[in-house]
Amino acid sequence: MGSGITIENVTKRYGAFVAADRICLDIQPGEFVTLLGPSGSGKTTLLNLLAGFQRVDGGEIRVDGKPIQNVPVHKRGFGMVFQSYALFPNMTVAQNVGFPMRMAGISRADSDRRVAETLGMMQLSDSAAKMPSEMSGGQQQRVAIARSIVMRPKVVLMDEPLSALDRRLRESIQMEIRDLHRTIGSTFLFVTHDQSEALTMSDRIAVMDAGRIIQVDRPETIYRQPCNRFVAGFVGESNLIDAEIVRREGAALVLRTKTGHLFRSPAPDEVSGRNVTVLVRPERLILSDVPGQESIPARVKSALFLGEILRIEVTLDSGETLLVRCSDSAGQTLPTPGSTVHVSWGMSDGWVLA
Ligand code: ATP
């Protein structure tokens, strides 16, 4: 079973620059948590603080309740994978994977058994005798992943392990890492700047910006109910519609768009003031040729056929441009640029940003 990790008010400075700013994060035993954020947001810094490559300047990190600041890297016993595979070039695949066991003084027989089992988990059984230089990038990263889990660590840290690989390979190794996590039950902390990777892999995502955690939630909550414009814009494509609050009705607000149309939208309790921004994801917008009771007229700006989906941009009378994505279904025709369409969305398809 994996370890529980508590990160409490952790701060890291490089001179006057604050790379991690009073970060708090509780990770449950066996959870798969992803740190997601743009370049420079502090993801690697936080992972390095946890690994012990760097020392915290303030706050505390506890693993299973015990502070680890003074525990050296090798005694933390975490599995680690980096973007560069960092394999030993002069060792075979089996020797690379068995290296941590040799360092720990585990008997040859036990080590061989565990290495064989771990190679099997990563579909590497046939490659045990190969040298890293004989393998593709994806296979080398599989070896590095196998090496990180051979000791069945309670915590596995992965820093952008798939970013050097092409998309198809990345997607297949994503699934392998997910399965591996389920099989060994360790706690995984995974760093990426790729939002779709974070959405597919994680139990929870911590979105970071400028050294802080902005939101920690399950993937669907991050996508459907982002806490602010930054998260909405960083995870997925978003339409941000300005609106004025008319009144509150329980958990929803009655709102008026700049074009004067009324609609209802769920909103977090803390929303206040007069004007708000409403997020509606492109796949939630509906286009129609005929006006409806709750629809807003718009002009088609562009329309693209992308295979399984159509990507259409429309402009409202207010000047706001909305992106619409709809699946290519039977009878669906691509609207002509310049033509008039009617845009609508269901009440539960909007989300008022706080
Ligand atoms: P990336 O996705 O590009 O790896 P990141 O989110 O992992 O980004 P970090 O590597 O944690 O970001 O860096 C956070 C900030 O701290 C960056 O602005 C970086 O320039 C700065 N930084 C990181 N390491 C050092 C260092 N050793 N000395 C000075 N500044 C550093």
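What counts as what
Residues numbered from 1 in each chain as written. Predicted model: local features only at pLDDT ≥ 70, side-chain atom pairs only at ≥ 80, totals over all residues. UniProt positions renumbered as here; feature names shortened; annotations may be inferred. Helix = DSSP H or I, 4+ residues; strand = E, 2+ residues; numbered from the N terminus. Buried ≥ 20, exposed ≤ 12 C-beta atoms within 10 Å, placed from the backbone. Pairing = 2+ DSSP bridges. Near = placed C-beta within 6 Å. Nonpolar A, V, L, I, M, F, W, Y, C, P; charged D, E, K, R; others polar. pLDDT = per-residue confidence, 0-100. Domains from an automatic or database assignment. Contact = placed C-beta atoms within 7 Å. Axes fitted to C-alpha atoms, helices over the stretch in contact; angles between N-to-C directions. Parallel < 35°, antiparallel > 145°, perpendicular 65-115°, else oblique. Left-handed = near helix turned anticlockwise from the far one by under 90°.

In the nomenclature of an unreviewed UniProt entry, the chain is known as Spermidine/putrescine import ATP-binding protein PotA of Pseudosulfitobacter pseudonitzschiae. In UniProt, the chain has this text filed under Function (unreviewed entry): "Part of the ABC transporter complex PotABCD involved in spermidine/putrescine import. Responsible for energy coupling to the transport system."

Engineer: Looking at this model, I keep getting lost on the UniProt feature "domain: ABC transporter" (unreviewed entry) in the chain. Mind explaining?
Structural biologist: Feature annotation in UniProt assigns "domain: ABC transporter" (unreviewed entry) to the following positions: residues 5-235. Between the end C-alpha atoms of residues 5-235 there is a gap of 25 Å, over a span that is 38% helix and 26% strand.

Engineer: What should I look at first to understand helix α1 (residues 43-51) in this one?
Structural biologist: Helical geometry: 3.6 residues make up each α-helical turn, so side chains three or four residues apart lie on a common side. Of all the 9 residues making up α1, 7 are buried; the element is thus mostly covered by neighbouring parts of the structure. Where α1 terminates, the next one or two residues include Gly52, which has phi positive at roughly 100°.

Engineer: Hey, could you run me through the sheet that holds strand β5 (residues 66-67) in this one?
Structural biologist: Spatial ordering of the open sheet is given by β2-β1-β4-β5, a layout of 4 strands whose pairing is antiparallel. Unpaired on one side and paired on the other, β2 (17-27) and β5 mark the two borders of the sheet.

Engineer: Would you mind going over unusual backbone geometry with me for this structure?
Structural biologist: With the exception of glycine, the majority of residues adopt a negative phi angle, and the majority of peptide bonds are in the trans configuration. Despite not being glycine, Ala86 has its phi angle at roughly 55°, a positive value. Within the secondary structure, Ala86 sits in the loop between β6 (79-81) and α3 (93-103). The residue Ala210 is not glycine, and still its phi comes out positive at about 45°. If you trace the backbone, Ala210 turns up in the loop between β9 (204-209) and β10 (212-217). You can call Ala210 partly exposed: it has 14 C-beta atoms within 10 Å.

Engineer: I keep staring at the site of the ligand and nothing clicks. Help me out?
Structural biologist: Taken together, the residues surrounding the ligand are Tyr14, Phe17, Ala19, Gly37, Ser39, Gly40, Ser41, Gly42, Lys43, Thr44, Thr45 and His193. For the shell around the ligand, the elements supplying multiple residues, two or more each, are β2 and α1. If you tally residues by element for the shell around the ligand, the top one is α1, at 3 residues. Classifying every residue of the shell around the ligand gives 3 nonpolar, 8 polar and 1 charged.

Engineer: Just to check I follow, could you spell out the confidence of the model for the chain for this structure?
Structural biologist: Detailed reading of the predicted coordinates is not advisable wherever pLDDT is low. This prediction gives the chain a mean pLDDT of 94; 99% of its residues lie at or above 70. As a predicted assembly, this complex carries a pTM of 0.92 together with an ipTM value of 0.95.

Engineer: I would appreciate a short explanation of the pairing of β10 in the present structure.
Structural biologist: Within a regular strand, side chains alternate between the sheet's two faces. Strand direction decides the pairing type here: β9 and β10, joined by 5 bridges, are antiparallel. The residue bridging Asp209 from the neighbouring strand is Arg212, located in β10. What sits between the antiparallel neighbours β9 and β10 is a turn of 2 residues, in which Ala210 has the positive phi angle 45°.

Engineer: Teacher, can you tell me more about the domain arrangement of the chain here?
Structural biologist: One widely used convention gives an interface's size as the accessible area the parts lose upon coming together. Each domain of the chain was delimited in the assignment, giving domain 1 (5-231) and domain 2 (237-353). Taking only C-alpha atoms, the centre of domain 1 and the centre of domain 2 are 39 Å apart. On the domain 2 side, the residues contacting the 5 residues of domain 1 number 5 residues.

Engineer: Explain the environment of Val246 here, please?
Structural biologist: When you line up the elements, Val246 lands in strand β11 (residues 239-249). Along the sequence, Val246 and Leu262 sit 16 residues apart, while their C-alpha atoms lie 8.6 Å from each other.

Engineer: Looking at this model, I keep getting lost on the packing of α3 against helix α5 (residues 137-149). Mind explaining?
Structural biologist: The relative placement of two packed helices is expressed as an angle between their axes plus a distance between the axes. Direction vectors running N to C along α3 and α5 enclose 30°, while the axes themselves pass 7 Å from each other. When the axes of α3 and α5 are compared, the pair comes out roughly parallel. Two packed elements cross with a definite hand, and for α3 against α5 that hand is right-handed. Touching Val93, Asn96, Val97, Phe99 and Pro100 of α3 are Val143, Ala146 and Arg147, all from α5. Classifying every residue of the contact of α3 with α5 gives 6 nonpolar, 1 polar and 1 charged.

Engineer: Would you mind showing me how to read the sheet that holds strand β8 (residues 187-192) here?
Structural biologist: By definition, the strands of a sheet pair up through backbone hydrogen bonds, in either a parallel or an antiparallel sense. Across the sheet, 6 strands lie side by side as β6-β7-β8-β3-β9-β10; this open sheet has mixed pairing. The sheet is open, and its two borders are formed by β6 and β10, each paired with just one other strand. On average, each strand axis in the sheet is tilted by 15° relative to the strand beside it, whichever way the strands run. Across 5 bridges, the pairing between strand β3 (residues 32-36) and β8 is parallel. Residue pairing for β8: Phe32 is matched across the bridge by Phe188. Together, β6 and β7 (155-159) form the strand contacts of α5, whose direction differs from that of β6 by roughly 165°.

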